[in-house]
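Here is what each chain is made of, one letter per residue.
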Amino acid sequence: KPSNIFVTGDGQPKLLDFGIAKLLDDTGGSDGTLTNFGAFTPDYASPEQIKGGQITTASDVYSLAVILYEMLAGTSPYRFETRSPDELVRIICEESPSSPSRLLSAGAADPMVKPGELAGDLENIVLHALRKEPERRYSSVEQFAGDIQRYLDGLPVMAREDTLGYRASKFIRRHRFRVAMTGALALILIGGIVTTAWQARIARQERDAAEAEKTKAESINKFLQEMLSYSNQSWNSAAGGRARDVTINQMLDEIAPRLDAELANQPDTQAKMFRTIANA
């Protein structure tokens, strides 16, 4: 409990009552110790202490977590009304502590940190150490302290689920400048690739359009040449068998049926030729 922790002038914490060590002048009661529960303060006691179970290092982890909770959130993780033994047993052993960041967001405490700073890794560390089951807490105080140090160093913490997304977010936070530079370079490369691909696509479209126009022009020229050659020839009439000059209408009647077969795979050219013949 806080009254058993002394901080020296240079900031070094000293534990005055830890484990089997006892203060010689500690009479109890003045700091909230209840004789009903033995020689401990219920506010900082673990569920197994409250129930008279086996006391291990996990109990120390729990008590330190209560103190850390109060330091960060400015209030206790539990709310007691009557402080009767029954209420203390029920709340400490059965009720989950309030989320510190949610508590701060509701303005229910005077914190040392902002809700946004507490939410996430730091909050998970505290709640992990406050779990009701001893085996689900940190296995030692060193492990508890190590997770806090990992948080301060911007590394992934044990209290959070180890996912790829979580590790990636921690890496990005630790290396913001390098990640930003790499991202900018990647954007430049991607932009260059997209621009090159777009220009290549435009070039292919222009090439295909030019090829189509060339084919169309060649087909039209071919038919124009044949039409002109018809106009300079003599055409034998099937009815009379006599040679006579071919009229324009006769020439068009002769040419038109061939468009269906010879330009079947060139619908644009075929349509223009039909339009030309129709106008003629």
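Residues numbered from 1 in each chain as written. Predicted model: local features only at pLDDT ≥ 70, side-chain atom pairs only at ≥ 80, totals over all residues. Heavy atoms only, no water.

Quick look at the pattern of salt bridges
Thinking step 1. Inspection of every chain in the model, using the stated rule, returns six salt bridges.
Thinking step 2. With a shortest N-O distance of 2.8 Å, glutamate 48 and arginine 137 are connected by a salt bridge. Of the two residues, glutamate 48 sits in helix H1 (residues 47-50) while arginine 137 sits in the loop between helix H6 (121-129) and helix H7 (141-152), which places them 89 residues apart along the sequence.
Thinking step 3. Taking relative accessible area as the criterion, arginine 137 reaches 4% and is therefore assigned buried.
Thinking step 4. Across the salt bridge formed by glutamate 133 and arginine 136, the nearest N and O atoms sit 3.3 Å from each other. (Salt bridge = Lys/Arg side-chain N within 4 Å of Asp/Glu carboxyl O. Helix = DSSP H or I, 4+ residues; strand = E, 2+ residues; numbered from the N terminus. Buried < 20%, exposed > 50% of the residue type's maximum accessible area, 1.4 Å probe, protein only.)

Focus: the packing of helix H10 (residues 248-262) against helix H11 (residues 267-279)
Thinking step 1. Viewed as axis vectors pointing N to C, H10 and H11 meet at an angle of 160 degrees, and their least axial separation amounts to 10 Å. Classified by the angle their axes make, H10 and H11 are roughly antiparallel. H10 and H11 meet at a crossing whose hand is left-handed. The segment H10 lies against H11, with Leu252, Ile255, Ala256, Leu259 and Asp260 engaging Gln270, Met273, Phe274 and Ile277. (Axes fitted to C-alpha atoms, helices over the stretch in contact; angles between N-to-C directions. Parallel < 35°, antiparallel > 145°, perpendicular 65-115°, else oblique. Left-handed = near helix turned anticlockwise from the far one by under 90°. Contact = heavy atoms within 4.5 Å.)

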